[in-house]
Protein chains: 2
Amino acid sequence: MRPYQKYSGAGKAKNRQRLKERQVCQNRNKIVDNLEKVILEAGLKDGMTISFHHHFRNGDYVVNMVLDAVAKLGIKDLVLVPSSLTDIHAPIIEHIKNGVVRRIESSGIRGTLAAAISDGLMDIPVIIRSHGGRARAISCGEIHIDVAFLGVPSCDAYGNANGYSRENVAASACGSLGYAKVDAQYADHVVLITDNLIEYPNVPFGIPQSQVHYIVKVDKIGDPNGIMSGATRFTKNPRDLLIARHAADVIEASGYFEDGFSMQTGSGGASLATTRFLKDKMIAKNIRAGFALGGITGQIVSLHEEGLIRKLLDVQSFDLKAVESLKNNRYHYQIDASYYANPDNEGSAVNQLDIVVLSALEIDLDFNVNVITGSDGVIRGASGGHSDTAAGASVTVVVAPLIRGRMPTILDKVNTIVTPGHTVDILVTDQGIAVNPLREDLAYNLKAAKLPVSSIEELKAKADRVVGKPEPIKVEDKIVGIVNYRDGSVIDVIRQVKKER
Amino acid sequence: MRPYQKYSGAGKAKNRQRLKERQVCQNRNKIVDNLEKVILEAGLKDGMTISFHHHFRNGDYVVNMVLDAVAKLGIKDLVLVPSSLTDIHAPIIEHIKNGVVRRIESSGIRGTLAAAISDGLMDIPVIIRSHGGRARAISCGEIHIDVAFLGVPSCDAYGNANGYSRENVAASACGSLGYAKVDAQYADHVVLITDNLIEYPNVPFGIPQSQVHYIVKVDKIGDPNGIMSGATRFTKNPRDLLIARHAADVIEASGYFEDGFSMQTGSGGASLATTRFLKDKMIAKNIRAGFALGGITGQIVSLHEEGLIRKLLDVQSFDLKAVESLKNNRYHYQIDASYYANPDNEGSAVNQLDIVVLSALEIDLDFNVNVITGSDGVIRGASGGHSDTAAGASVTVVVAPLIRGRMPTILDKVNTIVTPGHTVDILVTDQGIAVNPLREDLAYNLKAAKLPVSSIEELKAKADRVVGKPEPIKVEDKIVGIVNYRDGSVIDVIRQVKKER
C-alpha cells in the first residue's frame, strides 16, 4: 500500500482544454508529424520486431512506406511479422539486401519477393503461420511485437480506429481489421497510420483508443481496388465454375446441408464461386445458413441481404461490397483473428463451422494439402486460415483442378505440407471426387446421392495418364522457409530451389 | 522448435457433430448442469478470489445465488471483488459470519451489509475502488480473479454473451456489460450464468466466446426493474430540480458549452436531472453534443434520438430505456470499464470529457468530495466513476443540497475523501455556487454570466448559520474500509463508527 500524493499520478495536471484540442495521452499528443518522427518516438531500434496487417492485400501502401522511413533512419536487422505479404511488397527485397530486414514471419508471401526468398535471399528461413497460429503466437508471447504499424481507414485523434467510417466515405476503406486487432492488443507500441482523421469518438471502432500510442496522418494508406486482387477475384474460368458446381453438389449431399448450417469459402476462384451454386440449392430446399465465417465476399453479402445467411463473422473483407456491408449491415460483424481461429483460446469460431471450401496447389494421397509452394517448389501462396478451418470444420472440402498447366494436382507426397490430411475430408476436382477414408460417413452420403466418388488414387492415376508423373523438384540443402502448424509445431520446411544450369 | 505430431494438439479429434450440438471446447461441453457443479469444475477453492458485475444493480440475483452454492459446498475464506454491491446483497452478512467470505473489494456497498461492515463485521477492511481504478487493478494484476461469475441476459452455447439480445426480448436485459467485460478478459475462469440461451452466434456480443469457460442456465438472473433503483431514479424532488437547473446554467456559462461538447451525468437525482434543463439551452443555442459518456439514462437517450447528442458511450445502462437504446441505436455504443476510465491505459474516455456533473454526500473547503460514507460515518454509497470523471473532465461540477436533513453538506474536512479537491471545479447547491480557486477561468466566466458565485467558505457559513456546526463523528480505532484512489494509492480510510451507549 502506498499513500495518495496530491498532484501525483493520474490527477496531476488537470486538462482544461476543450474537446477538440484533447489528443493528449499522459501529457503527450498522440498525433505525430510524420513516419520518421514516430519511429523514433516509439523507440524502434536495431533487431526489434515490427508488425503490419494485410487488409489492403495488394493495395497496401503502409509496409513499403514504413520500411523506407526505417531505412532512411539507418535502423537495421528488423524482424517483420506482418499478417501476410503480397506482390506489392517486392521493395522488401532491397531492404533485405541492405540489412534493414533480417527475418520475416508471415502467413504468406507472393510475387518477386517470394521468388527471391525461395532462391535463398535470406540468411534465416521465413516462418509461415496460419492466421489462427499467428494469433496464438502473439497472444502467448511466442511473437513479441515491439512496434505495430497499422494502416487504418478511419481514426479519431485519440486512436479509435476502424476499417471504414460511418462518418464519411473512407477513401481507403478495407472493412474488417480482424488481423490488426490482435496486434493492437499485444504490441508494446501501437502506431496507427491513417489518411482519414475524423471527429471523436469514431464509433464503432475496430481498434480502441486505449491500445493506441501514436497516430500519423499520411496522404494515402492504400488502394481499395487492390483488396480484390488475385486470390479473391470473382472467377469466370469455366473449369473453376465446374469445380464450384461439383463442390455445391457435395455440400448438398454431405448430410450437413440443413437449416442453420454454417459455412466458409476460402480464397481462390472455385472456392469463392461455390456460393453461387449453393444459393440455388438453398432456395430450392428452403434452407438458410446460420452464419458465414472468415474472409467475406460480395457474394456472401448478397446471400445475407437476401436473407439466406443470417449472420456474417468477418475477419477480413475480400472485396468492396463486403467492406460496404460491414459498415451498413447490423449482422455483418467484425471479429479478430484470435476469435476466428486461435486454437488455444476458449473457443474460436472455426470450431463452429459445418462446411469449409478451400483451395489447394497440391494434395497428396494422404490428403495433406500444400497452399504455399507452386509445382516448381517456389513460394507463391499463403497459409491463411487453411489449416485452421480444416481442423475446425465438420466437413472440409478441398477444391482443385485435377491438372494445372501440365502438372497434376495430386501427388504421392505434397512438396510442402500446410494442412495435415486427417483434417481434410473431401477433394473435389473437375474430373471427380475423392473422400478421405477417415470419413466413411461422408463417402456413404455422397455415393447415396450418386456423385462421382472414386478413391484419390484413382483420381491421381487419371491425371498421371494425361500428363505423366512429374519430375521431383530439385532442391538445395538450404532451408528458406519453416511451416508452422497452427499449434506452433513445425509441420514442414521449404528448401531453396536448385537452379537449372 | 518442436515437430508436428499427427493427431496431436488442436487437430487431434476432428469434431464431426452438426453445428447445433457443438458446444465443446477442448473436448468439453461448456454448458454445465448447475451452479454447484460449475463451481467444482472451475476449481474454486478456499481463499480464492471471485468476481461479479453489478449491471443489474438492485435487481441482481447472481451474487446471492452463487454464494449460496459456494456455502453449500463448504468452500471458505473467499475474496469477493464485485464491481459493486447494493441493498439486495444483504445475505452476504451471513456468509461473512460463517466464514465463506473473508474479504471484500468493491466500488460501493449499500444497505444493511454496508451498515454491518461499518459496525465492524469484518476482520479485514473492505477496499473501495473507482470503476477506472478497478479496471486498472485487474489489468495490471493487482486484483487476480480466480473465477468470474457473470450474469448475462443473452448467451449462445459457445459463450458469446450480451446484456440484451437482438434475437429475442431478453427477460433480464441490463444493457451494457461494461464492467463484466474486464472480468471476462482477465479472470482465470469465466463462468457465465444466463436465463436466455440463444442460437449461435449471438452477435453483437459484449463478451466473446474466446474468453468463456463455462455456461450455466438458471431460471432467472435478475429483475430488470431493479436496475433503475435509488441512485439512478428520475427525480421529482423540487430541490433536486432547482439544483439541476443551476447546474445547467453553470454549464451554459462555463465556456465549454459549444457545439460538439461532451458530457456525463453521474448517478443521483440532481445530477441526472441536469440533462433536461440543458436540453432547452441546446435547442435555443443550436448546440449539439458530440457524445455522452458513462452511465446512460433514458433522458440522455431521448436527447440522442432527437439528434442533440450524436453518440453515446455506454459503460452501464441506468434504466430500461437505455437498455433498449443500446440494442437499437447504432451510435449507442457499449464500452468496457478500462476504455471508460482506466488511468493506466493509453487513453480512457473520461479524458475526453468536457463536462461532468457529479453528486456528493459531503464536500469540504478544499473541494474534496465524499460519496461513500453518510453524515453518520456509515458506509452507504459507491466510489463509482466519481474520481475518474472528475480527474478527466475539463469541468467537474458537483451538485448537492446545501443542507441535507439537519446536516450541512460543506465541512471543514470531509469524513472520507473519495475524490481529491484539485479535480473538482465547481460546487452547485440550491443556495449558491462556489468555484475552486484553482479555476479562476471558470469563476470569471460564471461571474460574467451573473450567476450567484460565492466562496465555498461563504456557502458553508450560510449552512452553518441554519443548522450549526455538526458534531464530529465518533469512531473506534478499527479500520473497516480503505479507499483507494484510481491510481491505486490509499487516499483515505473508513473507521468503525462508535455506538452510542
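Whatever comes next refers back to the structure up there.
Everything numeric here is computed off the predicted structure, so don't read it as measured data. (Residues numbered from 1 in each chain as written. Chains lettered and ligands numbered in written order. Predicted model: local features only at pLDDT ≥ 70, side-chain atom pairs only at ≥ 80, totals over all residues. Heavy atoms only, no water.)

1. Observations concerning the relation of the copies chain B and chain A
Note on the chain copies: they are related by a rotation about an axis and a translation along it.
In step 1: If you rotate chain B by 180° and push it 0.0 Å along the axis, it lands on chain A with an RMSD of 0.0 Å. Viewed as a symmetry operation, the transformation between the two copies matches a two-fold axis. Taking C-alpha positions as the reference, the residue of chain B nearest the rotation axis is Arg330(B), at 4.3 Å.
In step 2: With an isologous cut-off of 70% or more, the 100% of interface residues of chain B that recur at the interface of chain A puts this contact in the isologous class. (Least-squares fit on C-alpha atoms with pLDDT ≥ 70 in both. Contact = heavy atoms within 4.5 Å.)

2. Observations concerning the sheet that holds strand 17 (residues 332-334) of chain A
Sheet strands pair via backbone hydrogen bonds, and the direction of the pair is either parallel or antiparallel.
Residue and element names in this part refer to chain A.
In step 1: If you walk across this open sheet you meet the 9 strands as 17-16-15-14-18-21-25-26-27, and the pairing is mixed. The two strands at the open ends of the sheet, each matched to only one other strand, are strand 17 and strand 27 (453-454).
In step 2: Where strand 16 (residues 309-317) lies against strand 17, 3 bridges are found, and the strand directions are parallel. The residue bridging Leu313 from the neighbouring strand is Tyr333, located in strand 17.
In step 3: In the packing of helix 13 (residues 440-448) onto the sheet, the strands contacted are strand 21 (395-399), strand 25 (426-429), strand 26 (432-435) and strand 27, and the crossing angle to strand 26 comes to about 150°. (Pairing = 2+ DSSP bridges. Helix = DSSP H or I, 4+ residues; strand = E, 2+ residues; numbered from the N terminus. Axes fitted to C-alpha atoms, helices over the stretch in contact; angles between N-to-C directions.)

3. Observations regarding the sheet that holds strand 27 (residues 453-454) of chain B
Residue and element names in this part refer to chain B.
In step 1: Across the sheet, 9 strands lie side by side as 17-16-15-14-18-21-25-26-27; this open sheet has mixed pairing. Each edge of the sheet is formed by a strand with only one pairing partner; in this case those strands are strand 17 (332-334) and strand 27.
In step 2: Across 3 bridges, strand 14 (residues 262-265) lies against strand 18 (residues 355-359) in parallel orientation. Bridge pairing links Gln264 to Val356 in strand 18.
In step 3: Contacts from helix 8 (residues 269-285) reach strand 14, strand 15 (289-296), strand 18 and strand 21 (395-399) within the one sheet, and its direction differs from that of strand 14 by about 145°.
In step 4: Packed onto the sheet, helix 13 (residues 440-448) meets strand 21, strand 25 (426-429), strand 26 (432-435) and strand 27 and runs at close to 150° relative to strand 26.

4. A short note on the pattern of salt bridges
Pairing between side chains becomes possible if they bear opposite charge and their charged atoms approach one another.
Residue and element names in this part refer to chain A.
In step 1: Under the defined criterion, the tally for this structure stands at 44 salt bridges over all chains.
In step 2: The salt bridge partner of Glu105 is Arg129, with a shortest N-O separation of 2.7 Å. Pair noted here: Glu105 is in strand 6 (residues 101-106) and Arg129 is in the loop between strand 7 (126-128) and helix 5 (131-140), with a separation of 24 residues, a long-range link. The pair Glu105 / Arg129 is uniform in exposure class, with both members buried.
In step 3: Shared partners join several salt bridges into a network, and the residues in it are Arg103, Glu105, Arg129, Arg136 and Glu142. (Salt bridge = Lys/Arg side-chain N within 4 Å of Asp/Glu carboxyl O. Buried < 20%, exposed > 50% of the residue type's maximum accessible area, 1.4 Å probe, protein only.)

5. A look at the interface of chain B and chain A
In step 1: Chain B puts 91 residues into the contact, and the matching count from chain A is 91 residues.
In step 2: Inspection of the chain B/chain A interface yields 4 salt bridges.
In step 3: Here Arg310(A) makes a salt bridge to Glu167(B), at a shortest N to O gap of 3.0 Å.
In step 4: Linking chain B with chain A are 34 residue pairs in polar contact (both at pLDDT 80 or more), by the criterion used here.
In step 5: Those elements that place two or more of their residues in the side of chain B that touches chain A are strand 15, strand 16 (309-317), helix 10 (320-328), helix 12 (386-392) and strand 29 (490-497) of chain B.
In step 6: Class assignment of the residues belonging to the side of chain B that touches chain A gives a composition of 34 nonpolar, 31 polar and 26 charged. (Polar contact = N/O pair within 3.5 Å; in protein donor to acceptor, adjacent residues only side chain to side chain. Nonpolar A, V, L, I, M, F, W, Y, C, P; charged D, E, K, R; others polar.)

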